[in-house]
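# Fold and geometry: a report
Spelled out from the first residue to the last, the chains are:
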Amino acid sequence: MQKIIDRIIAATFLKVIPQSVTPNSLTWTRFFLTPFVFFFLLIHMYGLGIIVLGLALLTDAIDGALARTRGQITEWGQLYDPVADKLLVGGTALIILPQFVGWLIPGIIVILEVGIIFQAWHRKKTQERVISAKWEGKLKMIFQSAALLCICVFIFYPLSILLLLAQLFFWLAILLATLSLFVYRTI
């Protein structure tokens, strides 16, 4: 599945990305964009916040495909790309979800993501290597992104089905995150 997604991204987005752009620079870009996402959402400039969020999420999709297809996988990227993802998704969830679905889902997401970061840090420290994410972790990020997208669309088009879909996607992401902590230990 990942190879198919990488081929699609390579055939579209990667064609216009110069060779000088590295996956790590895209991860840094996500770290840079995240405070702007938070700022715009906090001051209720949802249009700008959603655009910047979309750009930040796009860097996540592209950096992994870029690393794999151009042979630019680094230990730094394996360690910090997930941190950038968790910061972006967890922070965004804490800002916008409570007003639409309450505190339970964002609270669980943040607790699980902190646990995953701690677990990855501990593995790095004890095993002296970084274990890259498996397909379950990538699927978790896709569910989280889809859920955030549903919430963002709901802000402008308040259809109850969007909230239901967002909650479903978040609960699926929570299930995968829980599995990563207690079963896989590699997501």
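The present account deals with the structure reproduced in this document. (Residues numbered from 1 in each chain as written. Predicted model: local features only at pLDDT ≥ 70, side-chain atom pairs only at ≥ 80, totals over all residues. Heavy atoms only, no water.)

## What to know about the overall build of the protein
Where we set the bar: The helix count covers DSSP runs of H or I at least four residues long, the strand count covers runs of E at least two residues long, and both are numbered beginning at the N terminus. We take the radius of gyration over the C-alpha atoms and set the globule estimate at 2.2 Å times the residue count to the 0.38 power. Throughout this description, buried means an accessible area under 20% of the type-specific maximum (1.4 Å probe, protein chains only), exposed means over 50%, and partly exposed covers the range between. Note on contacts: a residue pair is in contact if any heavy atoms of the two residues lie within 4.5 Å. In these tables, accessible area is a Shrake-Rupley quantity obtained with a 1.4 Å probe, and a residue counts as shielded only by the protein chains included in the view. The sign given to each residue is positive for Lys and Arg and negative for Asp and Glu; His and the chain ends receive no count. Where a charge lies is defined by one atom per residue type: Lys uses NZ, Arg uses CZ, Asp uses CG and Glu uses CD.
Within the protein one finds eight helices and zero strands. Written out in order from the N terminus, the α and β elements of the protein read α-α-α-α-α-α-α-α. By the compact-globule yardstick of 16 Å for 187 residues, the protein fits well, its C-alpha radius of gyration being 16 Å. Going through the 187 residues of the protein one by one, you find that 44% of them count as buried. Within the protein, contacts between residues separated by at least 24 positions form 77% of all contacts whose residues are at least 6 apart in sequence. Only carbon and sulfur atoms are counted for the fraction: they give 73% of the accessible area of the protein, which is about 10,000 Å². Between the mean site of the 15 positive side-chain charges and the mean site of the 9 negative ones, the protein shows a separation of 4 Å.

## Quick notes on helix α2 (residues 23–42)
We apply this condition: Each residue after the first adds 1.5 Å to the expected span of a helix. To get the bend at a residue, fit one axis to the 7 residues ending there and another to the 7 starting there, then take the angle between the axes.
The terminal C-alpha atoms of α2, which comprises 20 residues, lie 29 Å apart, in line with the 28 Å expected from a rise of 1.5 Å per residue. At L33, α2 shows its largest kink, close to 30 degrees, and the proline P35 lies no more than four residues downstream. The inward-facing, buried residues of α2 contact α3 (46–69) and α4 (75–96). One or two positions beyond α2, positive phi appears at H44, with a value near 60 degrees.

## Digging into the pattern of salt bridges
Threshold: By definition here, a salt bridge exists when the distance from a side-chain nitrogen of Lys or Arg to a carboxyl oxygen of Asp or Glu is within 4 Å.
Tallied over the full model, the rule gives six salt bridges. Among the salt bridges present, the one from D63 reaches R30, with a minimum N-O distance of 3.0 Å. One end of the pair, D63, is in helix α3; the other, R30, is in helix α2, and 33 residues separate them in sequence. The exposure class of R30 is buried, given its relative accessible area of 0%. For the salt bridge of R30 with D85, the shortest nitrogen-to-oxygen distance reads 3.0 Å. A residue pair is termed long-range when its members are at least 10 positions apart, and R30 in helix α2 and D85 in helix α4 qualify at 55 residues. Take R30 and D85: they sit in the same class, and that class is buried. One salt-bridge network, held together by shared partners, links R30, D60, D63, D81 and D85.

## Section: the environment of I155
Within the secondary structure, I155 sits in helix α7 (residues 135–156). Along the backbone, I155 and G47 are 108 residues apart, and their C-alpha atoms lie at a distance of 9.4 Å. Setting aside residues no more than four positions away along its own chain, I155 makes contact with Y46 and F100.

## What about the packing of aromatic side chains?
Just so we agree on the cut-off: Stacked, edge-to-face and tilted labels apply to pairs of Phe, Tyr and Trp rings (six-membered ring for Trp) whose centres lie within 6.5 Å, assigned for plane angles under 30 degrees, over 60, and everything in between, in that order.
Tallying each qualifying case throughout the model produces seven aromatic pairs. Taken together, the ring pairs connect W28, F31, W76 and Y80 into an aromatic cluster.

## Some thoughts on the packing of α2 against α4
Convention followed: The convention used is that axes are lines fitted to C-alpha atoms, helices contributing only their stretch in contact, and that angles between N-to-C directions extend from 0 to 180 degrees. Should an angle fall under 35 degrees it is called roughly parallel, over 145 degrees roughly antiparallel, and 65 to 115 degrees roughly perpendicular, with every other angle called oblique.
Two elements in contact, α2 and α4, have axes whose closest approach is 10 Å; the angle formed by their N-to-C orientations is 10 degrees. Between α2 and α4, the angle is such that the two are roughly parallel.

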